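# Architecture and fold: a report
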Amino acid sequence: MHQSNFSKWALLVFCSIVSLVGIFQFGQLIGLAIFSSDFSVNSIQVWQVGLIGSGIWGGSEFVRTIKKLKASPR
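Residues numbered from 1 in each chain as written. Predicted model: local features only at pLDDT ≥ 70, side-chain atom pairs only at ≥ 80, totals over all residues. Heavy atoms only, no water.

### Focus on the packing of helix 1 (residues 5-35) against helix 2 (residues 46-71)
Running from N to C, helix 1 and helix 2 point in directions that differ by 145 degrees, and their axes come no closer than 7 Å. For the element pair helix 1 and helix 2, the recorded crossing hand is left-handed. Of the residues contributing to the contact of helix 1 with helix 2, the split by class is 16 nonpolar, 11 polar and three charged. (Axes fitted to C-alpha atoms, helices over the stretch in contact; angles between N-to-C directions. Helix = DSSP H or I, 4+ residues; strand = E, 2+ residues; numbered from the N terminus. Left-handed = near helix turned anticlockwise from the far one by under 90°. Nonpolar A, V, L, I, M, F, W, Y, C, P; charged D, E, K, R; others polar.)

### Some points on the pattern of salt bridges
Scanning the model with the defined rule gives one salt bridge in all. With a shortest N-O distance of 2.5 Å, arginine 64 and glutamate 61 are connected by a salt bridge. Residue arginine 64 and its partner glutamate 61 are both found in helix 2; the two are separated by three residues, about one turn of the helix. Assessed through its relative accessible area of 41%, arginine 64 is described here as partly exposed. Residue classification places glutamate 61 among the buried residues on the basis of a relative accessible area of 11%. (Salt bridge = Lys/Arg side-chain N within 4 Å of Asp/Glu carboxyl O. Buried < 20%, exposed > 50% of the residue type's maximum accessible area, 1.4 Å probe, protein only.)

### Notes on the side chain of threonine 65
Examined against the element boundaries, threonine 65 turns out to sit in helix 2. Of note is the side chain of threonine 65, whose polar atom sits 2.8 Å from the backbone oxygen of glutamate 61. With sequence-adjacent residues up to four places away left out, threonine 65 is seen in contact with Lys8, Leu11 and Leu12. (Polar contact = N/O pair within 3.5 Å; in protein donor to acceptor, adjacent residues only side chain to side chain. Contact = heavy atoms within 4.5 Å.)

Note that all results are geometric; they support no functional claim without further evidence.
Below you can see the structure in the form of structure tokens.
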């Protein structure tokens with residue numbers, strides 16, 4: 001199945017946004033863990049774990065799509 005370059009670029013934009021959200025959420029949790037005395041592992045919510053997981057997926061999909069764009073003929 002062949003994807004058009006437009007769909008690959010759209011996927012790159014989407015994955016970069018998802019990656020940034022995941023990185024931001026991870027950084028926020030690390031900051032809370034370092035600087036807050038009220039932080040505990042039990043205070044981490046399911047949606048926060050979901051955002052971090054989607055950020056990891058977005059990063060890996062971003063790298064995969066970049067490799068596809070480099071390998072595709074122009």
